[in-house]
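Listed below are the residues making up each chain.
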Amino acid sequence: MQHQKMSTGSQLHRFFLSVSVGEMQIRRFLLSAILLLVVVVLVSSPETAAASRPVRRRYDSIFSFGDSFADTGNNPAVFAWYSVFDPVIRPPYGTTFFGRPTGRNCDGRLILDFIAERLGIPYVPPYLGPPFASPSPANNSVFRQGASFAVGAATTQFPLNNTSLSTQLQWFEALMPSLCRRTTQGTMNECREVLGRSLFFVGEFGVNDYHFSFPRKSVQEVRSYVPTVIRNITMAVERLISHGAKTLVVPGMIPSGCSPPILAKFPNAAPAEFDSRTGCLKELNELGFYHNALLQQSLEKLRGRYPSATIIYADFFSPVMEMVESPRKFGLRDDVLTVCCGGGGRNNFNGSVPCGDQKATTCSDPSASLYWDGVHFTEAANRHIAGSWLSNMMNSSDVSRDGAG
């Protein structure tokens, strides 16, 4: 390659020496124009733009609902309600970026953190508040720039630990008066104006609704839950729109068939049940396809019903599968289904020895792993997923790429 560059340079050098001064100026002008065109084409590609171009500040805040994929620190507080120790408050959680545990189920930043960074918004604080296990926040003014109501293990339909989607919506509605009231007399129009300048994430939801049912229920039995889960997500989106939300991002499901905890739940699966290229359980991934297809159909109907709202589907499945199928392309280890922090066993996942336990071990380079502690992803994986979502968001009419604000 270096030899080719030198040869090309020599040819250009001889070319310019062989022409007159006037011709040289013309040729230099043409060459500059060609180079400029190449640069414009490269910068204009969606993936490059999403990764490097600044985003104009269109939002004042982010409000997020979901499970552990979006939980920025609520889960330890919920565990404390029941006097249960939460291992995420121990190292090595958080050590890659924050240098300490933050209550996130990750070695560093979540997808939501990367999106907040790109949009110029502070990291989204947990509604139940730091430090760990604190009561409901006394000063709601800290949530003017957003809040995460997401809690690890949250579902859409089962009232597990009283943190389901409906409970999270109730928390948000309880917070609304303090968000919208700039004076002693807040108005509904003022509230709609504030929420209209906010970005809402509704999910991911569905993983826990399905995963908690295995292996007691068959995949076909769990598949029957999907329409109800989609209906619950859809009603949540409509409820937020009724309050004044204008831009909503609704993530789909992950490929559950590749998730180490799910693989551990099916130790006796026959070889034919696995995808020979990836090692993932085919039927479980098909469940994700079904969920995502129904979700996208439902969101399309909502767009027709609420034309003034921007409703964006965030593909969670594809970016994860890209990393599973081509780990080296993303700088990941070949045994891509092996968790970085775990207690041994198949794929280094052991439900009895969670990450953070004294008996657990942590890989030397989390950035080379896809899975952090089980179903959750490493910061490196979250960065790729966030880039994919941002690229899609930038193609919507509500997110500008034309400058920084």
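In case you missed it, the structure is sitting above this.
Summary of the structure given here. (Residues numbered from 1 in each chain as written. Predicted model: local features only at pLDDT ≥ 70, side-chain atom pairs only at ≥ 80, totals over all residues. Heavy atoms only, no water.)

Nonpolar side chains in soluble globular proteins tend to be buried together. Membership of the largest hydrophobic core comes to 95 residues, with the highest contact counts inside it found for F172 and F377. Grouped together as the second largest cluster of nonpolar side chains are seven residues, Y93, C340, C341 and W372 included. (Core = buried A, V, L, I, M, F, W, Y, C linked by side-chain atoms within 4.5 Å. Buried < 20%, exposed > 50% of the residue type's maximum accessible area, 1.4 Å probe, protein only.)

A separate point is unusual backbone geometry. At the junction of P91 and P92, the peptide bond is cis and its omega measures out at 10 degrees in the coordinates. Mapped onto the secondary structure, P92 falls in the loop between helix 4 (75-81) and helix 5 (111-119). In the segment running from F214 into P215, the intervening peptide bond is cis, with an omega of -5 degrees. With respect to the element layout, P215 can be found in the loop between helix 8 (207-211) and helix 9 (219-223). One non-glycine residue, A153, lies in the positive phi region at around 75 degrees. Following the sequence through the fold, A153 ends up in the loop between strand 2 (146-148) and helix 6 (165-180). Relative accessible area serves as the criterion here: at 23%, A153 is assigned to the partly exposed category. (Helix = DSSP H or I, 4+ residues; strand = E, 2+ residues; numbered from the N terminus.)

Further remarks concern the layout of surface pockets. Empty space among the atoms becomes visible once a probe the size of a water molecule is rolled across them. The calculated volume of the largest pocket comes to roughly 760 Å³. In terms of lining residues, the largest pocket is bounded by 30 residues, among which N105, F212, F349, V375 and H376 are the most central. Contributing elements (two or more residues each) for the lining of the largest pocket: helix 4, helix 8 and helix 11 (260-265). Class assignment for the residues of the lining of the largest pocket results in 15 nonpolar, 11 polar and four charged. (1 Å grid on protein atoms, 1.4 Å probe; cavity = no way out; pocket = protein on both sides within 12 Å on 5 of 7 lines; lining within 4 Å. Points joined across faces, edges and corners; volume = space filled by probe spheres on them. Nonpolar A, V, L, I, M, F, W, Y, C, P; charged D, E, K, R; others polar.)

Now for the pattern of salt bridges. This model, assessed by the stated rule, comprises 12 salt bridges. With a shortest N-O distance of 2.7 Å, R239 and E173 are connected by a salt bridge. Of this pair, R239 sits in helix 10 (residues 226-243) while E173 sits in helix 6, placing them 66 residues apart in sequence. Owing to a relative accessible area of 29%, R239 belongs among the partly exposed residues under this scheme. For E173, a relative accessible area of 25% gives the class partly exposed. Of the charged contacts in the structure, one is a salt bridge between D334 and R328, with a shortest N-O distance of 2.9 Å. On the basis of relative accessible area, R328 is assigned to the exposed category, the value being 65%. Through salt bridges with shared partners, a single ionic network connects D60, E193 and R197. (Salt bridge = Lys/Arg side-chain N within 4 Å of Asp/Glu carboxyl O.)

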